[in-house]
Amino acid sequence: MNSSHVLIFFLDGVGLGEDDPARNPFATAVLPHLTALFGPQWYLASREAICTPAASLVPTDANLGLPGRPQSATGQAAILTGRNVPQLIGEHYGPKPNTAVADVIRQGSLFQEVVQAGGRAGLITPYPSGYFAAIDSGRRLLSSVPLAATCAGLPLLTAEDLRNGRAVSPDFTAQGWREHLGYPDMPLLSLAEAGRQIAAIAQTYNFSFFEHWPSDVRGHRGTLAEAVAHLETIDTVLGSLLQAWDTANGLLIVTSDHGNIEDKNSRSHTRNPVPTILAGANHAALAARIHDLTDIATAVRTALALPLK
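Let us now look at the environment of Leu224. Structurally, Leu224 is set in helix α12 (residues 224–244). Apart from the residues lying within four places of it in its own chain, the contact partners of Leu224 are Pro21, Ala22, Arg23, Asn24, Pro25 and Lys264.

Attention now goes to the side chain of Arg301. With respect to the secondary-structure elements, Arg301 resides in helix α14 (residues 295–304). On the basis of relative accessibility, which here comes to 2%, the residue Arg301 falls in the buried class. Sequence-distant contacts of Arg301, that is, excluding residues within four places in its chain, are made with Thr81, Gly82, Leu110, Glu113, Leu306, Pro307, Leu308 and Lys309.

This next bit is on α14. With 8 of 10 residues buried, α14 is to be regarded as a mostly interior element. The set of residues buried in α14 consists of Asp295, Ile296, Ala297, Ala299, Val300, Arg301, Ala303 and Leu304.

Turning our eyes to something else, we now look at the side chain of Ser169. Its place among the elements puts Ser169 in the loop between α8 (159–163) and α9 (175–179). There is a polar contact of 2.5 Å between the side chain of Ser169 and the side chain of Asp171. In terms of polar contacts, Ser169 uses its side chain to reach the side chain of Trp177, at 3.1 Å.

Next up on the list: the packing of helix α4 (residues 99–106) against helix α7 (residues 144–151). Where α4 meets α7, the closest approach of the two axes is 9 Å, and the angle between their N-to-C directions is 40°. Viewed along their axes, α4 and α7 adopt a mutual orientation that is oblique. Between α4 and α7 the crossing geometry is right-handed. The residues of α7 that touch α4, namely those facing Val101, Ala102, Ile105 and Arg106, are Ser144, Leu147, Ala148 and Cys151. Here the contact of α4 with α7 is composed, by residue class, of 6 nonpolar, 1 polar and 1 charged.

The rules we used
- Residues numbered from 1 in each chain as written.
- Predicted model: local features only at pLDDT ≥ 70, side-chain atom pairs only at ≥ 80, totals over all residues.
- Heavy atoms only, no water.
- Helix = DSSP H or I, 4+ residues; strand = E, 2+ residues; numbered from the N terminus.
- Contact = heavy atoms within 4.5 Å.
- Buried < 20%, exposed > 50% of the residue type's maximum accessible area, 1.4 Å probe, protein only.
- Polar contact = N/O pair within 3.5 Å; in protein donor to acceptor, adjacent residues only side chain to side chain.
- Axes fitted to C-alpha atoms, helices over the stretch in contact; angles between N-to-C directions.
- Parallel < 35°, antiparallel > 145°, perpendicular 65-115°, else oblique.
- Left-handed = near helix turned anticlockwise from the far one by under 90°.
- Nonpolar A, V, L, I, M, F, W, Y, C, P; charged D, E, K, R; others polar.

Here you go:
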């Protein structure tokens, strides 16, 4: 395997929507970093792909040829395996994998392919002690991403990894660990620090995956104003991450499993395309080959010189 590194910065439940400030928080959010990259109204579902010297943005099909609303388990599994998981099991399914989805993941994922090629892979979002207790007791199921990581023999990162800078919290700052998870002394990061730390951690892996799930929560619950504020938070982190990114040797992929937050008139997932952003090495050529969620794995394999499937 080559010496490149790829990070998937995963935003759960983020689609491209309409130019309607009454329903789409992107229409009023102040997003200086993403707007500087792609110009005004880059967030519209009606836009074609955008390619600039610094980055590419591709509206990406999350429906994968099936009716109904895309779901997290099958969408995330499609990203990580490169297989059309909804078609394989006959439906969109989620939020957690059922037996059929889990079986597809166990057949192999990007985590496993990198490990088998002798590279270093990791899921760089950590989990609190209560999560492990719930998994061990059977009260909770692994979602697709940690299932794929553990099936590749990778450990899930812990509170100690977060405390010592080896992981970044899904909420970026770790404030949630203090307020809700029983870690009142957990060190906090600013949003800019979180972006820089994600970039630094990613450079220690050949393939890493950062999972940000609060964006989907903001789609399902909360007000339009809260969704606007959340998108502005993401933009700040991405701006810092992009500034720190090793563009010569690294490929950054930002993507999602399904739409949600872009339509606050609904509390359900949408059938809108999701944004896939690529920055860094060979981004334009790789972006030109992305049409749906299954193509993201091909981009990763190409960047890392893994066998194409």
